[in-house]
Each structure stands twice: as structure tokens, then as C-alpha cells.
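If you want the building blocks of each chain, they are given just below.
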Amino acid sequence: MVQTVRPATAQRIGEVVFAALALGLGLFVLIGAGAIRVPGAGSTVGPRVFPYLVSIILIASAAMVLVDLWRGHLGPQEESEDADPNARTDWITLAKLVAFVVAHIVLIPLLGWPIAAAILFGGVAWSLGAKRWWVALLVGLALSLTVQVVFGGLLGLSLPLGPVLGFLQPLIALLRG
């Protein structure tokens, strides 16, 4: 087996890009968390706590990676038995995955969250080589309906049912209490 070693400069650039993206995401979440409207209730734990926590973890992690890189430490090179360093990117599969994510975003207001999520799940499974796409679609529908009931019904989050599954709205309202 022939092993190819990435040059240290390419690895360093990759790690700097990763740390910069993590830092940017952390700052984005921090700014977004500040824009969350908080109701006038006297609760000490509000809707901003978790986003602030995530942003602090992201920013701190990115800063630690950058400090480590500045000191000259690189992460260990990935080793794997199954990785083929000469394998080319499968752009068609990547395009399918992107198309299903975009379709999910477009379909949520049209069909509702559960149907859009089932299409996303089935489409991603088919893109990644599922033999029976219809089984993946049914599993996706079962998972998305479960998430709809748990998060939309029991936790009260706003996940739109859409016109196809609108008949389930009384059940969701009943679960909310």
C-alpha cells in the first residue's frame, strides 16, 4: 500500500481555514443569539442561554486551535484502512445532496416539515446508495412524524404541518395541552 503524505503547509492551511470557519460561525451564533426576542417573563434561563453557550464553545475551540497552530503544533494526520488518497470527488452525488437540501428548504412552506424531511431523508439515502429508496422514504416519514409529534406537540416548537398533514393539527394541539 502506497501512502501519500500531505505537506505540512497544506495541512496548516487546512487547519487555519477550519479554525477561521469555526470562529466565524461562533461569532455569527453570538450575534444571532443577541437578536433573539426574550418574553417579559421573570425566568433566569431564557432562549438565549443555549445559543450563547454554543457560541462560546465554538469561539474558545477555534481560539485554542489557532493558538496551537501559532505554536507550531499540527493535528495528527488522518489514518484509515479504507481511505483511498487517490479517490476523486463524486461531484454527482454531492450535487444530489445539495439539491435535496435546497429542495427541503423550498418544500417546507409548501408541503410542511414532515413531508419535506421525509423527502430529504429518502433522497439523501438514495444519493448515498440505498438499494430500496422507498424504504428510506418511509423511514424518513416515520422519523419526521415522530420529530413533529415530540418537538411540535410535546415541546411546543413551531414545525409547520403543511396542507398534506394539516388534519393532524388537532392531535398536536391536544399534546400541547
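What counts, and at which threshold
- Residues numbered from 1 in each chain as written.
- Predicted model: local features only at pLDDT ≥ 70, side-chain atom pairs only at ≥ 80, totals over all residues.
- Heavy atoms only, no water.
- Helix = DSSP H or I, 4+ residues; strand = E, 2+ residues; numbered from the N terminus.
- Buried < 20%, exposed > 50% of the residue type's maximum accessible area, 1.4 Å probe, protein only.
- Contact = heavy atoms within 4.5 Å.
- Areas by Shrake-Rupley, 256 points an atom, 1.4 Å probe, with all protein chains shown as cover.
- Phe/Tyr/Trp six-rings, centres within 6.5 Å; stacked < 30°, edge-to-face > 60°.
- Lys NZ or Arg CZ within 6 Å of the ring centre and 35° of its normal.
- Axes fitted to C-alpha atoms, helices over the stretch in contact; angles between N-to-C directions.
- Parallel < 35°, antiparallel > 145°, perpendicular 65-115°, else oblique.
- Patch = residues over 30% accessible without salt bridge, like charges linked within 9 Å, V, L, I, M, F, W, Y side chains within 5 Å.
- Salt bridge = Lys/Arg side-chain N within 4 Å of Asp/Glu carboxyl O.
- Expected span 1.5 Å × (residues − 1).
- Arc of directions from axis to C-beta.
- pLDDT = per-residue confidence, 0-100.

Draft legend 1. Quick look at the overall build of the protein chain. The helix and strand inventory of the protein chain stands at six helices and zero strands. Secondary structure of the protein chain in N-to-C order comes out as α-α-α-α-α-α. Residues counted as buried form 19% of the 177 residues belonging to the protein chain. Considering only contacts in the protein chain between residues 6 or more positions apart, those separated by 24 or more positions represent 56%. Within the structure as shown, the protein chain displays about 12,800 Å² of accessible surface, and the carbon and sulfur contribution to it stands at 71%.

Draft legend 2. Molecular detail of the packing of aromatic side chains. With the rule as written, the count across this model stands at one aromatic pair. Ring plane angle 80° and centroid distance 6.2 Å describe the contact between Phe 100 and Trp 126, whose orientation is recorded as edge-to-face. With Phe 100 in helix α3 (residues 91-111) and Trp 126 in helix α4 (residues 113-127), this residue pair connects regions lying 26 residues apart in the sequence. The lysine or arginine in question, Lys 96, covers the ring of Trp 126, its NZ or CZ lying 4.2 Å from the ring centre.

Draft legend 3. Region of interest: the packing of α3 against α4. Here α3 crosses α4 at 170°, and the two axes come no closer than 8 Å. Judged on the interaxial angle alone, α4 and α3 are roughly antiparallel. The segment α3 lies against α4, with Thr 93, Lys 96, Leu 97, Phe 100, Val 101, His 104, Leu 107, Ile 108 and Leu 111 engaging Trp 113, Ile 115, Ala 116, Ala 117, Ile 119, Leu 120, Gly 123, Val 124, Trp 126 and Ser 127.

Draft legend 4. Looking closely at the side chain of Glu 15. Within the element layout of this structure, Glu 15 appears in helix α1 (residues 8-34). Leave out the neighbours within four places in its chain, and Glu 15 touches Val 65, Leu 69, His 73, Leu 74 and Gly 75.

Draft legend 5. Structural context of a nonpolar patch on the surface. Nonpolar side chains collect at one region of the surface, where Trp 91, Leu 94, Val 98, Val 102, Val 106 and Leu 110 lie side by side and expose about 590 Å² of accessible area between them. Along the chain, the position of Trp 91 falls in helix α3.

Draft legend 6. Molecular detail of the environment of Leu 23. Relative to the helices and strands, Leu 23 is located in helix α1. Here Leu 23 falls in the partly exposed class, since its relative accessible area comes to 28%. Other than its neighbours up to four places away in sequence, Leu 23 contacts Ile 59, Ala 62 and Leu 66.

Draft legend 7. Representation of helix α2 (residues 49-70) within the structure. With 22 residues, α2 extends 31 Å from end C-alpha to end C-alpha; this agrees with the ideal 32 Å at 1.5 Å per step. Among the residues of α2, Pro 51, Ser 55, Ala 62 and Leu 69 are the ones counted as buried. Projected onto a plane normal to the axis of α2, the buried residues spread over an arc of 60° and lie on a single side. Away from its buried face by more than 90 degrees, α2 exposes Phe 50, Ile 56 and Met 64. Within two residues after α2, Gly 72 carries a phi angle of roughly 95°, on the positive side.

Draft legend 8. Summary view of the confidence of the model for the protein chain. On average, residues of the protein chain carry a pLDDT of 82, and 80% of them reach 70 or more. Of all helices and strands in the protein chain, the one with the weakest mean pLDDT is helix α6 (residues 169-176) (68), whereas α3 scores best (94). In this model residues 1-5 is a low-confidence stretch, pLDDT under 50, and it forms four contacts with partners more than four residues away in sequence or in other chains.

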